[in-house]
Every structure is written in C-alpha cells, then in structure tokens.
Amino acid sequence: MTKPALLFQASKLRILTGATVDLSVAGGSVHCVGGASGSGKTCLLRALADLDAAVGQVFLNGRERATWMPQDWRAAVMLVPAQPRWWLSSVQAHCAHDMSCEAAALELPADRLRAPTEQLSTGEQARGGLLRALSRDPRVLLLDEPTAALDAPIARAVEQLLLTWLSPSRAIIWISHDAGQVERVADHVWQLDHQGLRAT
Amino acid sequence: MNQPLALLSPFDLALAACMVLALAGLSWRMQLGVQRQLLIAAARTVIQLGLVGLVLKALFEDLHPVFLLPVSLLMLLAAGREVIARQSQRVERGFVIGTGAMFVSSFSITLFALLVVVQPEPWFQPQYAIPLLGMMLGNTMTGITVGMERLTTGLRRDKDIVEQRLMLGEAPAQALEQDMRGAARAGMIPIINAMAAAGIVSLPGMMTGQILAGSPPMAAVSYQILIMFMVTAGTGFGTLLALRLTARRLFDGRGRLRLERLRGRPGARLA
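Because the structure is predicted, anything quoted here is derived from the model rather than measured.

Chemist: Now, about the overall build of chain A: what can you tell me, with residues and values included?
Modeler: Helix and strand content of chain A: seven helices and 10 strands. A compact globule built from 200 residues should have a C-alpha radius of gyration of about 16 Å, and chain A, at 16 Å, falls within 12% of that. Here the C-alpha coordinates of chain A stretch approximately 45 × 40 × 35 Å along the principal axes. A buried classification covers 41% of the 200 residues belonging to chain A. Of the contacts made within chain A by residues no fewer than 6 positions apart, 71% connect residues no fewer than 24 positions apart.

Have a look at this one:
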C-alpha cells in the first residue's frame with residue numbers, strides 16, 4: 001500500500017495563544033484536536049484559515065498560503081464555526097448549490113433547509129453551517145465542535161456524512177471533546193496546550 | 001432689487017434671541033437638561049456667523065484669489081473635525097479619511113460649478129466661491145458623518161457575520177456588502193428626501209434667505225436647484241468615497257477583519 005500524499009501542512013505556525021504548531025495532514029485523513037478550554041483550539045483553526053495574522057507557514061498541495069489570494073485560501077481551507085450566523089433567508093440560500101440530499105442524510109428535511117433561519121434550533125443551525133461549507137467544495141475542513149449541539153444519533157449521521165465526503169484530495173481537522181467520537185473518526189489524535197500540539 | 005432691503009438692527013436680533021431664551025427657561029423648568037447646550041449653540045451661531053460675515057466682507061473687498069485658499073482650507077479642516085467628533089467609534093486615520101473624501105468631492109464639484117455652470121467673472125469671485133463651498137462642505141460633512149458612523153457601528157454588531165462570510169471564501173467587499181449598503185443609504189437618504197420635499201414641505205433655507213434679501217423668486221429658485229444638485233452629488237460621492245476608505249482601513253492585506261483598528265469613544269458627541 002502506498003503512503004497517501006501530503007495534502008496540508010503547517011510549519012512553525014505561531015497562533016494567538018503563543019503556541020507553535022507543526023502539523024502534516026495526508027489526503028483522506030482526519031486529525032482530531034482536543035485540549036482544555038482556553039488552550040486555543042479555535043485560535044488554531046482561525047490561524048489555519050488565515051483569519052488571524054500568524055507567523056509561520058501553511059501549505060496546501062505544496063503551495064504556501066502567501067501565494068494564494070486570501071479568499072481562495074479560505075475557500076479551500078474552510079473553517080466551520082461552532083455557532084453559525086445567517087445573513088440570507090434560509091440555509092439553502094447560503095449554499096452554493098442544492099443541498100437537499102446531504103441535508104436529508106443529516107435528518108434535516110427539505111422544509112427545514114428552506115425555513116427562515118431565525119426559526120431553526122441550535123442543532124439545525126449547526127448542521128446548516130456544515131452544509132453551507134460542504135456546498136462550496138473545500139479541500140480541508142476545519143471543524144469547531146460540529147456535533148456539540150446535536151444528540152447522539154444525529155451526531156453519528158454527521159460523522160457518517162463527513163467520512164464519506166473524504167477523498168484523497170480532502171482532509172478534516174476536527175476539534176472534538178467527545179472521546180467516543182474521536183475514537184470513531186480520527187486517524188490522528190492531538191492535544192493542544194500553550195506550547196503546541198502533542199500526539200496522544 | 002425692487003424694494004429696499006429691510007435691514008435688521010442689533011435690537012431686532014436681540015428680540016429674536018428672547019425666543020431662544022424663553023425656550024431655555026422652559027427647558028430649565030422642565031428639567032430637560034438641554035438649556036446649557038441650547039444657549040452655547042445659540043452663542044456659537046452669533047459668534048461664528050459674525051466672524052464669517054467679517055471674513056466675507058473683507059474677502060469681497062479684496063478679490064485676490066490667494067485669500068480664498070486659507071479660508072477654504074480652514075472650512076475644510078473644521079468640517080473634518082466635526083466628522084470625527086461625532087463618531088462613536090474612532091477609525092484609525094479617520095480624520096484623514098473623512099477630510100480627504102470631503103476635499104475630493106466638495107472641491108471638485110465646487111470648481112465644476114464655478115468654472116462650467118455659474119461662470120462668474122473672475123471664476124474665483126468669493127461672493128460665489130465661498131457660499132457654494134460652504135453649502136457643499138456642510139452637507140457632505142453630514143453625509144460622511146452619518147455613513148461612517150453607520151458602517152462602524154454596523155460592523156461591530158455584524159462582526160461574526162462578516163467573518164463567517166470570509167470563512168466561506170468571500171472577498172472583504174462581498175462580506176461587507178450589507179453593512180456597506182446600509183451605510184451608503186443612511187448617508188444619502190437625508191439629501192434625497194430634501195430634494196423630494198423641496199418647495200412642498202419645506203422652503204430651502206438658502207432660497208428663503210435670498211428671497212428675504214430681495215432677489216427675484218425665479219432667480220432664487222434656479223440657484224436653489226443648482227445648489228441641490230451640487231449638494232446631492234457632493235454628498236453622495238463624498239460618502240461613498242469615505243465609506244470605501246473606511247472599509248479598506250478595517251481589513252488588512254490578507255483580507256482579515258481588523259476591528260482593533262476601531263476604538264470605542266464613550267465621550268462622542270451626538271450628531
């Protein structure tokens with residue numbers, strides 16, 4: 001079996017908490033990141049998506065991000081926030097194309113996909129945030145506790161959808177507190193502290 | 001002029017001032033707390049307009065264009081200061097942004113009006129140049145003030161939305177589009193309303209003044225139309241330019257939202 005190609009890499013990336021992060025992500029893999037609250041997990045994702053200024057280098061397909069247009073980088077290395085906010089009428093209106101199939105897989109019926117966003121529950125909004133990101137076909141998904149607001153069966157459905165979404169040209173960096181979930185989805189598990197990432 | 005102008009004596013103005021004094025007295029009785037501001041503003045009106053009268057008198061007697069320069073510059077800087085004083089959030093380099101946008105739009109449109117439309121002899125005759133520039137600056141100032149305030153407060157409120165739009169791969173201009181549109185509208189609506197209501201709901205102040213001072217009504221009307229168009233264009237272009245510059249200041253070279261360049265100012269004066 002050949003070793004999967006390197007897809008995404010962070011080198012000496014200094015995030016807002018002061019931690020220095022090195023990370024190599026192969027295509028098709030899921031890297032789970034844990035750590036105490038306040039250890040800077042969200043800061044790590046923001047630095048990777050180039051939303052906060054951070055010293056260091058990040059590569060996608062061998063190309064350093066300074067050579068990317070910022071919006072192209074963020075479209076390829078896409079952060080899915082823990083609490084999605086909405087500016088158009090419905091979740092579907094925020095998506096690049098029709099997402100009813102994927103929504104159904106997440107037990108989000110078509111009428112909820114097209115309902116006014118202010119009528120959605122926290123859990124429905126969390127799934128909506130994932131759908132609008134997937135509709136834009138990113139290479140690397142940065143997930144900030146995507147199932148924290150979901151009950152167990154729906155969380156499993158989210159895991160299923162994301163694992164089938166994976167391909168050799170895609171990868172996921174996944175912040176999760178749920179040990180069972182990490183067990184189910186992770187190829188690599190990391191702990192973040194104020195120095196950096198540690199393999200566990 | 002058909003009739004001799006009814007000149008106002010200082011006594012006449014003192015009588016008019018009594019009405020403001022009476023209002024201040026009522027405000028004091030009702031504990032509204034605006035009597036101080038009211039009296040200070042009234043005093044400022046007398047002092048500032050008196051000084052302007054003296055300056056205009058001196059300018060009208062000496063036509064040398066060199067004197068126009070310091071006067072118009074002073075007017076510009078005073079307007080720029082007002083824009084900044086009325087922001088509840090201070091943008092880094094906000095003074096340069098507001099004043100620069102005002103300079104570009106007010107001065108170019110005033111020059112256009114003087115050189116192409118009105119064409120007084122000589123074109124820089126202060127009797128035309130100063131009042132036209134004053135009208136331009138006054139209105140553009142309001143548009144820019146309202147627009148910038150709306151953009152910065154909106155951006156603070158919608159920070160998460162703007163950042164989440166960036167996360168989805170939108171460029172800053174696109175991520176900001178809703179706040180930008182709201183701010184541009186807020187800056188331009190007052191002047192659009194003024195055009196729509198002109199003559200029906202309100203007689204514009206300049207025209208009223210001209211008619212009271214004895215001008216034929218149709219002459220006053222045509223000048224008022226000219227002023228309205230100039231002011232609308234100046235306010236619109238000035239506001240859009242100031243908003244663009246403000247937005248650019250609030251993002252960095254990598255399209256990141258940099259709200260730390262915006263500082264709250266609890267002591268800001270209300271417009």
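Read on for the rest.
Chemist: Just give me the short version of the packing of helix H8 (residues 177–197) of chain B against helix H10 (residues 217–249) of chain B, but keep the residues and values in it.
Modeler: All names here are of chain B. Between H8 and H10, the least distance of the axes is 10 Å, while the angle of their chain directions is 170°. Relative to H10, the element H8 is oriented roughly antiparallel. Each of Met 180, Ala 183, Ala 184, Gly 187, Met 188, Ile 191 and Met 195 in H8 lies in contact with H10, whose residues at this interface are Met 228, Val 231, Thr 232, Thr 235, Gly 236, Thr 239, Leu 240, Leu 243 and Ala 247. Split into classes, the residues belonging to the contact of H8 with H10 amount to 11 nonpolar, five polar and no charged.

Chemist: Account for the pairing of strand S2 (residues 20–26) of chain A, naming residues and giving values.
Modeler: Residue and element names in this part refer to chain A. With six bridges connecting them, strand S1 (residues 6–14) and S2 associate as antiparallel partners. Across the sheet, Gln 9 pairs through a bridge with Ser 24, a residue of S2. Taking the residues between adjacent antiparallel strands as the criterion, S1 and S2 are bridged by five residues, where Gly 18 takes a positive phi near 100°.

Chemist: Describe the interface of chain A and chain B, listing the residues and the values that go with them.
Modeler: The interface is formed by 18 residues belonging to chain A together with 14 residues belonging to chain B. Going through the elements one at a time, helix H2 (70–76), strand S6 (77–80) and helix H5 (122–134) of chain A are the ones with two or more residues in the side of chain A that touches chain B. Examining the composition of the side of chain A that touches chain B, we find that four residues originate from one element, H2 of chain A, more than from any other. Tallied by class, the residues present in the side of chain A that touches chain B amount to 11 nonpolar, one polar and six charged.

Chemist: For the sheet that holds strand S3 (residues 30–34) of chain A, give the residues involved together with the corresponding values.
Modeler: Residue and element names in this part refer to chain A. A sheet is described by the order of its strands in space; here six strands give the open sequence S6-S7-S8-S3-S9-S10, paired in mixed fashion. Of all the strands in the sheet, the pair left with one neighbour each is S6 and strand S10 (197–199). This sheet shows a mean twist of 25° between the axes of neighbouring strands, independent of strand direction. Where S6 meets strand S7 (residues 140–144), four bridges bridge the pair, whose relative direction is parallel. Residue pairing in the sheet places Val 77 in a bridge with Val 140 of S7.

Chemist: Pulling in residues and values, what's your account of the nonpolar core?
Modeler: Counting residues in hydrophobic clusters, the biggest one holds 97 residues, and the most contacted among them are Leu 44, Leu 48, Val 77, Met 78, Val 140 and Leu 142 of chain A. Ranked by residue count, the leading element in this core is helix H5 (residues 126–157) of chain B, at 11 residues. In contact with Leu 142 of chain A, not counting residues within four places along its chain, are Leu 45, Leu 48, Ala 49, Val 77, Met 78, Leu 79, Val 80 and Ile 173 of chain A.

Chemist: I'd love a proper account of the environment of Gln 9 of chain A, names of residues and values included.
Modeler: Residues and elements named next belong to chain A. Structurally, the position occupied by Gln 9 is in strand S1. A C-alpha to C-alpha distance of 4.4 Å links Gln 9 and Ser 24, two positions 15 residues apart in sequence. In contact with Gln 9, not counting residues within four places along its chain, are Leu 23, Ser 24, Val 25 and Phe 59.

Chemist: Which residues make up the sheet that holds strand S5 (residues 63–64) of chain A, and what values go with them?
Modeler: Read across the open sheet, the four strands follow the order S2-S1-S4-S5 (chain A); overall the sheet is antiparallel. Every other strand in the sheet has two partners, leaving S2 and S5 of chain A as the edge strands with one partner each.

Chemist: Residues and numbers for the environment of Leu 114 of chain B, please.
Modeler: All names here are of chain B. Among the structural elements, Leu 114 can be located in helix H4 (residues 94–118). Between the C-alpha atom of Leu 114 and that of Gly 138, which follows or precedes it by 24 residues, the distance is 18 Å. Once you skip the residues sitting within four places of it in the chain, Leu 114 turns out to touch Pro 120, Trp 123, Tyr 128, Ala 129 and Leu 132.

Chemist: Describe the environment of Asp 158 of chain B, listing the residues and the values that go with them.
Modeler: Its place among the elements puts Asp 158 of chain B in the loop between H5 and helix H6 (159–167). The exposure class of Asp 158 of chain B is partly exposed, given the 19 C-beta atoms found within 10 Å.

Chemist: How would you summarise the packing of helix H3 (residues 68–85) of chain B against H5 of chain B if you had to cite specific residues and measurements?
Modeler: Residues and elements named next belong to chain B. With their axes 9 Å apart at the nearest point, H3 and H5 run at an angle of 15° to one another. Classified by the interaxial angle, the pair formed by H3 and H5 is roughly parallel. In the crossing of H3 with H5, the sense of the turn from one axis to the other is right-handed. Contacts between H3 and H5 involve Leu 68, Val 71, Ser 72, Met 75, Leu 76, Ala 79, Glu 82 and Val 83 on the former and, on the latter, Pro 126, Ala 129, Ile 130, Leu 133, Gly 134, Leu 137, Met 141, Ile 144 and Thr 145. Taken together, the residues of the contact of H3 with H5 break down into 13 nonpolar, three polar and one charged.

Chemist: Tell me what's going on with the pairing of strand S9 (residues 188–192) of chain A, and back it up with residues and numbers.
Modeler: All names here are of chain A. Here S3 pairs with S9 via four bridges, running parallel. For Gly 34, the partnering residue across the bridge sits in S9 and is Gln 191. Across three bridges, S9 lies against S10 in antiparallel orientation. By the bridge assignment, Trp 190 is partnered in S10 with Ala 199. The turn linking S9 back onto S10 is made up of four residues.

Criteria and cut-off values
Residues numbered from 1 in each chain as written. Chains lettered and ligands numbered in written order. Predicted model: local features only at pLDDT ≥ 70, side-chain atom pairs only at ≥ 80, totals over all residues. Helix = DSSP H or I, 4+ residues; strand = E, 2+ residues; numbered from the N terminus. Rg over C-alpha atoms; globule rule 2.2 N^0.38 Å. Buried ≥ 20, exposed ≤ 12 C-beta atoms within 10 Å, placed from the backbone. Contact = placed C-beta atoms within 7 Å. Axes fitted to C-alpha atoms, helices over the stretch in contact; angles between N-to-C directions. Parallel < 35°, antiparallel > 145°, perpendicular 65-115°, else oblique. Nonpolar A, V, L, I, M, F, W, Y, C, P; charged D, E, K, R; others polar. Pairing = 2+ DSSP bridges. Core = buried A, V, L, I, M, F, W, Y, C linked by C-beta atoms within 7 Å. Left-handed = near helix turned anticlockwise from the far one by under 90°.

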